[in-house]
Amino acid sequence: MGSTPGLVLDGINAAAFFLVVSYLAYVALIVVPLVRRRPADSGDGSAFDWHFLIPCLDEEAVVGETVRRLVAQFPEAGVWCVDDGSQDSTPLVLSGLAAEFDQVHVVTRRHPDAQTGKGA
């Protein structure tokens, strides 16, 4: 072959230089936008209507405290309690909470439509 070792080394050096420059350009394309990025302004939560959905099935022991805590922490939010055919005194607890707080709403499901799963 008529090629000299100097030409081969020059080709390898040129390829290595091209790979290094390409990699540095790739890294710069990733890093520069991240450095220039400014944090977004915080959103205004009061611009929205907030609602909490609480599925209830035999929850008499805990639903009262759950609803009271939500009403205390989020007084502007609506609290929707969905009673799915409870067999205990959950409906009584929920009706008392709905009478006590204006933002508490109760949706009651009865058999045969109750306890058919969340999708139904």
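All of these numbers come straight from a predicted model, not from anything done at the bench.

**Student:** Quick rundown of the overall build of the protein? Include the residues and the values.
**Tutor:** Along its length, the protein carries 3 helices and 3 strands. The globule rule puts the C-alpha radius of gyration for 120 residues at 14 Å, and the 32 Å found for the protein is more than 25% above it. With the C-alpha coordinates aligned to their principal axes, the bounding extent of the protein is approximately 95 × 35 × 20 Å. For the protein, with 120 residues in total, the buried portion stands at 19%. Partitioning the contacts of the protein with sequence separation of at least 6, the portion at a separation of at least 24 is 77%. Accessible surface computed for the protein: about 9400 Å², of which carbon and sulfur atoms make up 63%. The averaged location of the 15 negative side-chain charges in the protein is 9 Å from the averaged location of its 8 positive side-chain charges.

**Student:** Can you tell me about a nonpolar patch on the surface, naming the residues and giving the values?
**Tutor:** Taken together, the side chains of Val20, Tyr23, Leu24, Tyr26, Ile30, Val31, Leu34 and Val35 define a hydrophobic patch exposed on the protein surface, amounting to about 850 Å² of accessible area. As for its position among the elements, Val35 is in helix 1 (residues 5–36). For Val35, a relative accessible area of 66% gives the class exposed.

Criteria and cut-off values
- Residues numbered from 1 in each chain as written.
- Predicted model: local features only at pLDDT ≥ 70, side-chain atom pairs only at ≥ 80, totals over all residues.
- Heavy atoms only, no water.
- Helix = DSSP H or I, 4+ residues; strand = E, 2+ residues; numbered from the N terminus.
- Rg over C-alpha atoms; globule rule 2.2 N^0.38 Å.
- Buried < 20%, exposed > 50% of the residue type's maximum accessible area, 1.4 Å probe, protein only.
- Contact = heavy atoms within 4.5 Å.
- Areas by Shrake-Rupley, 256 points an atom, 1.4 Å probe, with all protein chains shown as cover.
- Lys, Arg positive; Asp, Glu negative; His and termini not counted.
- Charge placed at Lys NZ, Arg CZ, Asp CG, Glu CD.
- Patch = residues over 30% accessible without salt bridge, like charges linked within 9 Å, V, L, I, M, F, W, Y side chains within 5 Å.
- Salt bridge = Lys/Arg side-chain N within 4 Å of Asp/Glu carboxyl O.

As far as function goes, none of this settles anything; it's purely spatial.
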